[in-house]
Each structure stands twice: as structure tokens, then as C-alpha cells.
Amino acid sequence: MSEEREALTSAGILAEKIRTRGARVGVVGLGYVGLPLAVEFAKAGFSVTGIDLSQEKVRRVNAGDSYVGDVPSAVLAPLVESEKLRATTDFSAVAELDTINICVPTPLRKTKDPDMSYIVSACQEIAGHFHAGMLIILESTTYPGTTDELVLPMLAKSGLEVGRDFFLCFSPERVDPGNPKFQTVNIPKVVGGSTPACTRMGQLFYSQALEHVVPVSSTQVAEMVKLLENTFRMINIGLVNEMALMCDRMGIDVWEVIDAAATKPFGFMPFYPGPGLGGHCIPIDPFYLSWKTKQAGIEARFIELAGYINGQMPHFVADKVQNALNDAGKPVKGSRIHVMGVAYKRDIDDMRESPALDVMLLLKQRGAVLSYSDPHVASIRVDGLNFESSPDESAAEADCVVIVTDHSAFDYQALVRNSRLVVDTRNALKGFDSNKIVRL
Ligand SMILES: NC(=O)c1ccc[n+]([C@@H]2O[C@H](COP(=O)([O-])OP(=O)(O)OC[C@H]3O[C@@H](n4cnc5c(N)ncnc54)[C@H](O)[C@@H]3O)[C@@H](O)[C@H]2O)c1
């Protein structure tokens, strides 16, 4: 096709708008994934509209007041003031947009089946205002096949043709909240389209705002990439958790074993045991894969096994605490136990699937009297009871302290000095030598 004729096609027009930063960018779902992405595109000079069902989030974005740890308000506010970024609850804004990234939640149902309702509802709203020349990219983690089997038919109902009149991609989100080194802008972005033209459009789009873009041949490959990455982590954590259980039985320090093994310069990558899996991704995503492969007649046995072992860790921690108290001559029933850190990982405020909730529930069921400290989490609910974070110093009053999340704000010197007994599930007290410390 000649350059002039290409310029007149939907692809040509959209590509030109993207290259000149004239494309109007939309992000549906302004959470941990969507807000940082919206900010990157606004920083790159695009006019960005975020759409979210939460009036509170929309209000805060429009006030330049960030609720996502990785997005400082000092970065958000000038983008809002200069009208590069705005938020709305109204999907009619789609009519004015050229691109949309969908970043809505994809939880699992109790039965471990994927809950696609958020994606379906977002796509139905988009379809109501869909028009030719749009690029739609799904970023929510999901099972392989979602983009082409679920999203594409909803958009194709418009009568528009994918790869010619509009463009559809999947691009896995890899954000690692709280990671100071890798953020949305410098994490390589994998993208795969429903057609080669879609992939090219997705690649062109991301390369305007992000440092590295990795095109792949299809939406299914892009979907599977995310599941491989998270399954890899989940299984390796399951393996190292099982190592911890074995080392405990044999009286070997698993942390020392891992550190020594990690000196091997090839063929080994350290993973660390802990109180159990947490967060919105690692405990959940591999089950999208096992759900899908079951339909193809393949049991995902590694996933099920690692899920089982990881699920045992809160019980192992509760047993450790109980045994440590017994050794100190105190029954767990009636003992005061203070948990340090309840977020699912270090230096963030996210409580989703946090193993601290399981550990606290188990200890409560055994009759312990609980309290906790977490500089990032003001209050939590365990088994119908509300708890408020207390000052770190209150650990000194407890019969046993359990380090569940190793926030860097904690003063570990003071903790060891002032506590009677400390169970450390994260090796936060590496290098400390005290007979008050019981390690995982
Ligand atoms: N948080 C992470 O670290 C992370 C990392 C990689 C991938 N992911 C994946 O990214 C996706 C989003 O995760 P998140 O952590 O940003 O979730 P989140 O809950 O922080 O944000 C999702 C947002 O979507 C909004 N929303 C829900 N339904 C909507 C709808 N129909 N229309 C408009 N907005 C809607 C919610 O109000 C919320 O603000 C999930 O699939 C998740 O698995 C998350």
C-alpha cells in the first residue's frame, strides 16, 4: 500500500495520532496497575482519561491526591493541573478516546474458578461507545484465550473488523508495588495482538511511554507469559517452603542453606520461605492456568502441590509460635502475641490475601490475645474483630512477637532488645545473635 493510502486507513490514522501524542488515551480501572500506567502516558505528553467505578478514587485523582504508593501526589497533581490527566466514572468518555487499557480486577471465585465479571462489565461499557480506529489492550491477568474468546466477540458485535477497523491486544501487567528499582516505565512490556497489525499498533503505543516493548505473536502467548512468570514464582516459593519444613525437622538453618546455595553463579536463583503467599497475583494467577488446562484434559500438578505447601505455612508459623511459648513455659492460650507487619509484603500497604490474617486467625483460635504494628496498615479485621495498629514499642509488653512482614521502618535492634521472645518468619533478624530469637 502506498504511504498516502495507508495514511487514510484506520491503522494509518491511529498510528499517526499515537506518534504525534495526539491520541486520547483511556485507562479503565485506576488501581495499583491502572493509575501508574495512566501517569506514565500523561507524563509522555498524552491526554489521558481514567475511568473507574469508584467515585472516591475518581475524586482523589481529580484532586491530585494519590492513593497508590508508587505514584507520589507530587507527580500526579501537576499532571491533573495541566489537564493531561483526569478521571471519571462515566463511560461515555470512551466515545472521545482512541486507546483504552483495561486494568480491572480478575479475582478467583471460592471454587478457584476465574471471575471474569469485571472484564465483562468493563467491555460491555466500552462496547456501548465503541468506534472505528480504536486500540483496546487488556492488561488484567487472566487465562490464555480470554482476549480472543471473550473480549473480541464483544467488540466485534459492532460490525467493525479487528486488525483493520480496530486493534486488540493483550499485554501482561508486571508491576511490582514498592519496588524502588523497577516501575511501570522501565519494566519491559510484552504485547501480543489478535492480528499482526494489532501487535504492531500495541508496540507503537507502548513504545511512546515505556522504555522496552517486547512484541509476541499472539494474545494467547502474551497471556501465557504472565502465567508462566507467576507460576514460576509460586512453585519455587512452594519448593523453598517445603525445604524450610524439612530443614526444621532436621535442625538445619534453611536461611544459611539458601545464602550458601546462592553463591553458585549459574543455574540457581534464590527464593525465600515465609509465612505463606500473599498479594493479588502469586497465590491466584496460577489457578487461572490450572482451570484452563483442566478443560484441555491436563492436570496442573505442580501448581496444585505448591498451592498445598504454601497454604500450610501459616499453620507452620502458628505451631512455631505455640512451641516457642511452650518452651518458655507459657501456654498459647491467654498469651499476648504481637505481630510485626501485616501487609502481604515489605514496605507496602496492600492486605490482599496477606498471610498475616491467616496466622492471626490461627493464633486467635488457639486462645492468644493479639495486637499488631504496621506503619502502612492502620487497621485490620480478623475473624469479625477489628484491630488497630499500635506503636512498635507495644511489642515489649507481649509474651511473644511474631515478625510476619519485614518492613524496613521497624527498629529491629530495639525489638530484639525489648522483647521477651521473637519468632522471625522472614529472616529479618539475620545476623542477630540472641536466644530470644526463633527462626522459621
Ligand atoms: N497489583 C499488582 O501488583 C498487579 C501486578 C500484576 C498484575 N495485576 C493484575 O492487574 C489487574 C488489576 O489489578 P490491580 O491491583 O490494579 O487492582 P485494583 O483493585 O487495585 O484496581 C482495579 C480498579 O478497577 C476498578 N474497577 C473494577 N471494575 C471496574 C469496571 N467495570 N469499570 C471500571 N473500573 C472498574 C476498581 O474500582 C479498582 O479501582 C488484575 O488483573 C491483577 O491481577 C496486578
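Now for a quick tour of the structure. Computed from a predicted structure; not experimentally measured. (Residues numbered from 1 in each chain as written. Predicted model: local features only at pLDDT ≥ 70, side-chain atom pairs only at ≥ 80, totals over all residues. Heavy atoms only, no water.)

Attention now goes to the side chain of Asp 285. Mapped onto the elements, Asp 285 comes out in helix H11 (residues 285-295). In this structure Asp 285 is buried but unpaired, with Lys 226 as the nearest side chain of opposite charge at 4.6 Å. Within the structure, the side chain of Asp 285 is placed 2.5 Å from the side chain of Asn 230, a separation counted as a polar contact. With residues up to four places along the chain from it excluded, the contact list for Asp 285 reads Thr 141, Lys 226, Leu 227, Asn 230 and His 280. (Helix = DSSP H or I, 4+ residues; strand = E, 2+ residues; numbered from the N terminus. Buried < 20%, exposed > 50% of the residue type's maximum accessible area, 1.4 Å probe, protein only. Lys, Arg positive; Asp, Glu negative; His and termini not counted. Salt bridge = Lys/Arg side-chain N within 4 Å of Asp/Glu carboxyl O. Polar contact = N/O pair within 3.5 Å; in protein donor to acceptor, adjacent residues only side chain to side chain. Contact = heavy atoms within 4.5 Å.)

Our focus in this paragraph is empty space enclosed by the protein. Within the structure shown, the criterion is met by one cavity of 30 Å³ or more. Approximately 50 Å³ is the volume found for the largest cavity. In terms of lining, the largest cavity is formed by Pro 172, Glu 173, Arg 174, Val 175, Thr 184, Ile 187, Pro 188 and Lys 189. Classifying every residue of the lining of the largest cavity gives four nonpolar, one polar and three charged. (1 Å grid on protein atoms, 1.4 Å probe; cavity = no way out; pocket = protein on both sides within 12 Å on 5 of 7 lines; lining within 4 Å. Points joined across faces, edges and corners; volume = space filled by probe spheres on them. Nonpolar A, V, L, I, M, F, W, Y, C, P; charged D, E, K, R; others polar.)

Okay, the site of the ligand next. Inspection of the region around the ligand gives 27 residues, with Val 33, Asp 52, Lys 57, Thr 106 and Thr 141 positioned closest. Taking Tyr 32, its main chain carries an N or O atom lying 3.1 Å from an oxygen atom of the ligand. At 3.0 Å from an oxygen atom of the ligand is found a main-chain nitrogen or oxygen belonging to Thr 141. The fraction of the free accessible surface of the ligand (830 Å²) that becomes covered by protein chains is 93%. Counting residues per element, the shell around the ligand draws most heavily on helix H6 (residues 117-127), which supplies three residues. Among the residues making up the shell around the ligand, the classes are represented as 15 nonpolar, seven polar and five charged. (Near = heavy atom within 4 Å. Areas by Shrake-Rupley, 256 points an atom, 1.4 Å probe, with all protein chains shown as cover.)

Note on soluble globular proteins: their nonpolar side chains tend to be buried together. In terms of nonpolar packing, the biggest core is built from 124 residues, with Ile 126 and Ile 337 touching the most fellow members. Leave out the neighbours within four places in its chain, and Ile 126 touches Val 28, Phe 91, Val 94, Ile 100, Ile 102, Ile 136 and Leu 155. In terms of nonpolar packing, the next biggest core, distinct from the first, is built from 12 residues, Tyr 412, Leu 415, Ala 428 and Ile 437 among them. (Core = buried A, V, L, I, M, F, W, Y, C linked by side-chain atoms within 4.5 Å.)

Turning next to the sheet that holds strand E1 (residues 24-28). Strand order in this open sheet of eight strands is E3-E2-E1-E4-E5-E6-E7-E8, and the pairing throughout is mixed. Looking at the sheet topology across the chains shown, the edges are occupied by strand E3 (85-88) and strand E8 (213-216). Direction aside, the axes of adjacent strands within the sheet are offset by 25 degrees on average. Of the strand pairs in this sheet, E1 and strand E4 (residues 99-102) are connected by four bridges, and their pairing is parallel. Residue Val 28 lies in a different strand from E4, and its bridge partner there is Ile 102. (Pairing = 2+ DSSP bridges. Axes fitted to C-alpha atoms, helices over the stretch in contact; angles between N-to-C directions.)

Turning our eyes to something else, we now look at the sheet that holds strand E13 (residues 400-403). Across the sheet, five strands lie side by side as E10-E9-E13-E14-E15; this open sheet has parallel pairing. The open sheet has two edge strands, strand E10 (369-373) and strand E15 (437-439), and neither has a second partner. Across the sheet, the mean angle from the axis of one strand to that of its neighbour is 20 degrees, orientation sign disregarded. Note that strand E14 (residues 422-424) and E15 share three bridges and pair parallel. The residue bridging Val 422 from the neighbouring strand is Ile 437, located in E15.

This model, assessed by the stated rule, comprises zero disulfides. Cysteine Cys 123 is unpaired, with the sulfur of Cys 103 as its nearest cysteine sulfur at 12 Å. Cysteine Cys 198 remains unbridged, with the sulfur of Cys 169 as its closest cysteine sulfur at 5.6 Å. Residue classification places Cys 198 among the buried residues on the basis of a relative accessible area of 0%. (Disulfide = S-S within 2.5 Å.)

In total, this model carries nine aromatic pairs according to the counting rule given. Both rings, one in Phe 130 and one in Phe 166, keep their centres 5.0 Å apart while their planes meet at 80 degrees; by these two values the pair is edge-to-face. Here Phe 166 lies in the loop between helix H7 (146-156) and strand E6 (167-170) and Phe 130 lies in the loop between H6 and strand E5 (135-138), a separation of 36 residues in the sequence. Overall, Phe 130 belongs to the buried group, its relative accessible area being 12%. On the basis of relative accessible area, Phe 166 is assigned to the buried category, the value being 0%. Ring geometry for Trp 255 and Tyr 272: centres 6.4 Å apart, planes at 10 degrees, overall stacked. Taken together, the residues Trp 255 in helix H10 (residues 254-261) and Tyr 272 in the loop between H10 and H11 connect sequence positions 17 residues apart. Note on Trp 255: relative accessible area 4%, which makes it buried. What makes Tyr 272 partly exposed here is its relative accessible area of 40%. Each residue in the set Phe 41, Phe 46, Phe 205 and Tyr 206 is aromatic and connected to the rest through ring pairs, giving one cluster. (Phe/Tyr/Trp six-rings, centres within 6.5 Å; stacked < 30°, edge-to-face > 60°.)

Buried within helix H13 (residues 355-365) are the following residues: Pro 355, Ala 356, Val 359, Met 360, Leu 362 and Leu 363. Each buried residue of H13 lies within a common arc of 160 degrees when the element is viewed along its axis, so the set occupies one face. Tucked into the core, H13 has its buried residues touching helix H12 (301-327), strand E9 (336-340), E10 and strand E11 (379-382). One or two steps after H13, the chain reaches Gly 367, where phi turns positive at roughly 95 degrees. (Arc of directions from axis to C-beta.)

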